[in-house]
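# Summary of the model geometry
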Amino acid sequence: MNAEKNAATISAKDAWYPPAKRDRFILKQLVSKDFKLKYRRSALGVVWSVLNPLLMMLVMAAVFGSFMRYNDPSLGNYAVYLILGNTAFQLMSDATSQGMNSIIWASSLLKKVKINRYVFPVQKVLFAVVNYGFSLIAIALVMVVERVPLTWTAILMPYALATLMVFCIGLSLLLSAAAVFFRDVIHLWSVVLTAWTYATPLFYPFKILPHWMQVAEHFNPMYIYITYIRDVVLYHTVPSVNMHIACLGFAVVALAIGYAVFHRHEHKFILYI
Amino acid sequence: MANILKRPPIPPEDAETVIDVDDVSMIFNIASEQFNSLKEYFIAAMRHELKFKEFRALNHISFKVKRGEAFGLVGTNGSGKSTMLKIIAGVLEASEGTCTVRGTIAPLIELGAGFDMELTAKENIYLNGALLGYRKEFIDEHFQDIVDFAELQNFMEMPLKNYSSGMVARIAFAIATITEPDILIVDETLSVGDFLFQQKCERRIKELVDSDDVTVLLVSHNIDQVERLCDRVCWIEKGQERMVGPTDEVCAAYKNLGK
Ligand SMILES: Nc1ncnc2c1ncn2[C@@H]1O[C@H](COP(=O)(O)OP(=O)(O)OP(=O)(O)O)[C@@H](O)[C@H]1O
Ligand SMILES: [Mg+2]
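This write-up is about the structure you can find in this document. Because the structure is a prediction, the values reported are computed rather than measured. (Residues numbered from 1 in each chain as written. Chains lettered and ligands numbered in written order. Predicted model: local features only at pLDDT ≥ 70, side-chain atom pairs only at ≥ 80, totals over all residues. Heavy atoms only, no water.)

### Some remarks on the overall build of chain B
The following threshold applies: Counting from the N terminus, the helices are the DSSP runs of H or I reaching at least four residues and the strands are the DSSP runs of E reaching at least two. Relative accessibility under 20% of the residue-type maximum defines a buried residue, over 50% an exposed one, and the middle range a partly exposed one, all with a 1.4 Å probe and only protein chains included. Contacts are assigned to residue pairs that have any heavy atoms within 4.5 Å of one another. Residue burial considers only the protein chains on display, and all accessible areas are found by Shrake-Rupley using a 1.4 Å probe.
Looking only at helices and strands, chain B has eight helices and nine strands in total. Put simply, chain B has 259 residues, and 52% of those count as buried. Put simply, of all contacts in chain B between residues at least 6 apart along the chain, 74% involve residues at least 24 apart. When the accessible area of chain B is evaluated, it comes to approximately 11,800 Å², of which 50% is carbon and sulfur surface.

Take a look at the structure:
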């Protein structure tokens, strides 16, 4: 912590970060607050976070496993196929549902201190990414049990996670701004998420989709991110250049739209929260 | 508040302007019915019924404060004094007009932002400090000073929910006043802790007021105190700027209000 303790003491006149540098420390504090609140109270909190994706995978494997495997051996290991898709989708759905509410939840804070409002949606996305860390433990367990080897291609996975994170930040900025003005966006989004779950090949193979849906999937960002992750972890292949561009493209477009909408309306938030 | 506060020396004529409030208005939305749903919004939009019930909490306010000056704001309840302070502190954005501020601010307006009752006092000090824009190393270094000032040495690892409200207020005040700002903003409705701690707070505010070059902005319902401390005063009444000028003139006029 205090590596350079011998450095001159900071005078009380120089207590503040310059305005542009404050957000890092604020975000760190806010995310660590979320983390403590979620995991400190119960030792089971951590266990549960690992168990949750495992149980979900087991149930789905039991229900769909037998006939999916017959139909499509090209899926590879079905358990790993399932858990990779489910956890990545869960990351997006956690990040955006929490991010969407973040401004409303932070209303009392926004009336008390001068703070850049975007930190709240970003905080919730970062926290969802931290939670995803526990899902990685579950994924590792399944891969060990199922004897699916890990190859060097897995080092590409952070690329998908990073772009997915930016994509989620963009969505959360957009949704959090919308939710301030129209509270029913919150209900609407949970419906969208459910529909999106079924529209994405999480537990079924891409190939069983009719042709028009196969075409449409290329415009489904979650299909792209999940395919990328499965390619590098489960199938040991390096995704095409186009896949890389698509991951980045969805992230940049979502962020640009989200930020533009958020920035345009953020000064009016205080009137509605 | 403090009887011990004294008027600081009046700054020279050519001192630099640190707070420039230029024609500021603040409009709040006090519509009783808000369009909280998209459906309602579209129905209302089609009927051209989008209502935005405006309330002007501040109406074209202008004043300048120079470096080293002690400036007071007076006015009856709900006149917009706290709103003005929040605009200067940057918490609220003025609906119209501009407010320019030069220098660091310690806003003693609403303390304890971001306090979470489940977290320990120590964690809350870091969280609140971060939200106020403090450097991490600064909090590390001055952590003990904050604890000493609040006199809560043995309670740092306890969750805030087990604190009394006075103890929470002590921590909040200690964090807010650990710095030496260029501009000190005090909303006097903040009275914290028991009488001993109140005296301590007053002494701390006095220390800050007395330090070199600090600019003070004070809101108080205690007219005597404003008269003792401030060089100039602005009187805001129901959002309208009534008078700006030397303390004695403005306070005399303000005191006539009740007669
Ligand atoms: N967020 C808000 N939304 C709507 N109206 C508000 C909001 N904040 C303040 N107001 C209104 O603005 C007016 C001015 O409030 P303010 O708190 O600035 O008064 P004040 O001068 O500080 O009063 P007091 O002397 O009681 O502290 C009040 O009528 C209040 O109802
Ligand atoms: Mg007030």
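And the narrative resumes.
### Some words on the interface of chain A and chain B
Where we set the bar: Here the buried area means the combined drop in accessible surface, using a 1.4 Å probe, for two parts upon being joined, counting both sides. For this analysis, a salt bridge means a side-chain nitrogen from Lys or Arg found within 4 Å of a carboxyl oxygen belonging to Asp or Glu.
Contacts between the two partners involve 42 residues from chain A, matched on the other side by 50 residues from chain B. Counting the surface chain A buries against chain B, the share from its top three residues, Ile-10, Trp-16 and Leu-271 of chain A, is 17%. If you look at where chain A meets chain B, you find four salt bridges. For the salt bridge of Asp-14 of chain A with Arg-135 of chain B, the shortest nitrogen-to-oxygen distance reads 3.6 Å.

### Digging into the side chain of Asp-34 of chain A
Along the chain, the position of Asp-34 of chain A falls in helix α1 (residues 22–39). Setting aside residues up to four positions removed in sequence, Asp-34 of chain A forms contacts with Gln-123, Lys-124 and Phe-127 of chain A.

### Overview of the pairing of strand β7 (residues 215–219) of chain B
Residue and element names in this part refer to chain B. Formally: Strands are treated as partners if at least two bridges between them are detected by DSSP.
Where burial is concerned, most of β7 is hidden: five out of the five residues are buried. Where strand β3 (residues 70–74) and β7 come together, four bridges link them in parallel fashion. In the sheet register, Ala-70 faces β7, and the bridge partner there is Val-216. Pairing of strand β6 (residues 183–187) with β7, which is carried by five bridges, proceeds in the parallel orientation. By the bridge assignment for β7, Asp-187 is matched with Val-219.

### Re the pairing of β6 of chain B
Residue and element names in this part refer to chain B. With five of its five residues buried, β6 lies for the most part within the structure. Neither face of β6 is exposed, since Ile-183, Ile-185 and Asp-187 on one face and Leu-184 and Val-186 on the opposite face are all buried. Bridge count for strand β5 (residues 105–108) against β6 is four bridges, and the pairing is parallel. Bridge pairing in β6 links Leu-108 to Val-186.

### Section: the packing of aromatic side chains
Residue and element names in this part refer to chain A. Inclusion rule: Pairing of aromatic side chains requires ring centres within 6.5 Å, counting the rings of Phe and Tyr and the six-membered ring of Trp. Pairs whose planes differ by under 30 degrees are stacked, by over 60 edge-to-face, and all others tilted.
Inspection of the entire model under this criterion finds 25 aromatic pairs over all chains. Both rings, one in Phe-35 and one in Tyr-39, keep their centres 4.8 Å apart while their planes meet at 50°; by these two values the pair is tilted. Placement of the pair is Phe-35 and Tyr-39 together in helix α1, with a separation of four residues, close to one helical turn. With 5.4 Å between their ring centres and 90° between their planes, Phe-203 and Tyr-204 make a pair best called edge-to-face. Residue Tyr-204 is classed as buried on the basis of its relative accessible area, which comes to 8%.

### Topic: the site of ligand 1
Residues and elements named next belong to chain B. Selection criterion: Throughout, near means a residue has at least one heavy atom within 4 Å of the molecule or strand. N or O atoms within 3.5 Å of each other form a polar contact, as long as, within protein, one can give a hydrogen and the other can take it, and as long as residues adjacent in sequence are counted only when both atoms are side-chain atoms. When residues are grouped by polarity, Ala, Val, Leu, Ile, Met, Phe, Trp, Tyr, Cys and Pro land in nonpolar, Asp, Glu, Lys and Arg in charged, and all others, Gly among them, in polar.
If you check the shell around ligand 1, you find Phe-28, Ile-30, Phe-55, Ala-57, Asn-77, Gly-78, Ser-79, Gly-80, Lys-81, Ser-82, Thr-83 and His-221 and nothing else. One of the side-chain N or O atoms of Asn-77 is found 3.0 Å from an oxygen atom in ligand 1. For ligand 1, an oxygen atom lies 2.8 Å from a polar atom in the side chain of His-221. For ligand 1, whose free accessible area comes to 640 Å², the fraction covered by protein is 66%. Among the secondary structure elements, those contributing two or more residues to the shell around ligand 1 are β2 (54–66) and α2 (81–89). Here the shell around ligand 1 gets three residues from one element, more than from any other, and that element is α2. Class assignment of the residues belonging to the shell around ligand 1 gives a composition of four nonpolar, seven polar and one charged.

### Section: unusual backbone geometry
For His-236 of chain A, which is not glycine, the phi torsion reads 60° and is therefore positive. Position of His-236 of chain A relative to the elements: it lies in the loop between α9 (221–233) and α10 (241–265). His-236 of chain A sits in the partly exposed class, given a relative accessible area of 28%. One non-glycine residue, Lys-238 of chain B, adopts positive backbone phi at about 50°.

### Notes on the environment of Glu-146 of chain A
Residues and elements named next belong to chain A. Within the secondary structure layout, Glu-146 lies in the loop between α5 (119–145) and α6 (157–181). A relative accessible area of 33% places Glu-146 in the partly exposed class. C-alpha of Glu-146 to C-alpha of Lys-36: the two residues are 110 residues apart in sequence and 33 Å apart in space. Setting aside anything within four residues of it in sequence, one finds Glu-146 in contact with Asn-77 and Ala-79.

### Remarks on helix α3 (residues 78–105) of chain A
All names here are of chain A. Stated formally: To estimate the expected span of a helix, subtract one from its residue number and multiply by 1.5 Å.
With 28 residues, α3 should reach 40 Å at 1.5 Å per residue; the first-to-last C-alpha distance of 39 Å fits that figure. Burial runs high along α3: 23 of the 28 residues are buried. One side-chain oxygen at the N-terminal end of α3 lies 3.0 Å from the backbone nitrogen of Ala-79; it belongs to Asn-77.

### Observations regarding the nonpolar core
Using the following cut-off: Residues grouped as a nonpolar core are buried Ala, Val, Leu, Ile, Met, Phe, Trp, Tyr and Cys residues, joined through side-chain atoms within 4.5 Å.
Within the largest apolar cluster, 169 residues are counted, with the highest numbers of intra-cluster contacts made by Phe-167 of chain A together with Phe-63 and Met-84 of chain B. The leading source of residues in this core is α3 of chain A, at 15 residues. Not counting residues up to four positions away in its chain, the partners in contact with Phe-63 of chain B are Ile-19, Asp-20, Val-21, Phe-71, Leu-73, Met-84, Ile-88, Cys-234 and Val-244 of chain B.

### Concerning α2 of chain B
Residue and element names in this part refer to chain B. Most of α2 sits out of view: eight of its nine residues are buried. Looking at α2, one finds that the buried residues are Lys-81, Thr-83, Met-84, Leu-85, Lys-86, Ile-87, Ile-88 and Ala-89. The positive-phi residue at the C-terminal boundary of α2 is Gly-90, with phi of around 90°.

Scope: geometric values only; no functional claims are made or implied.
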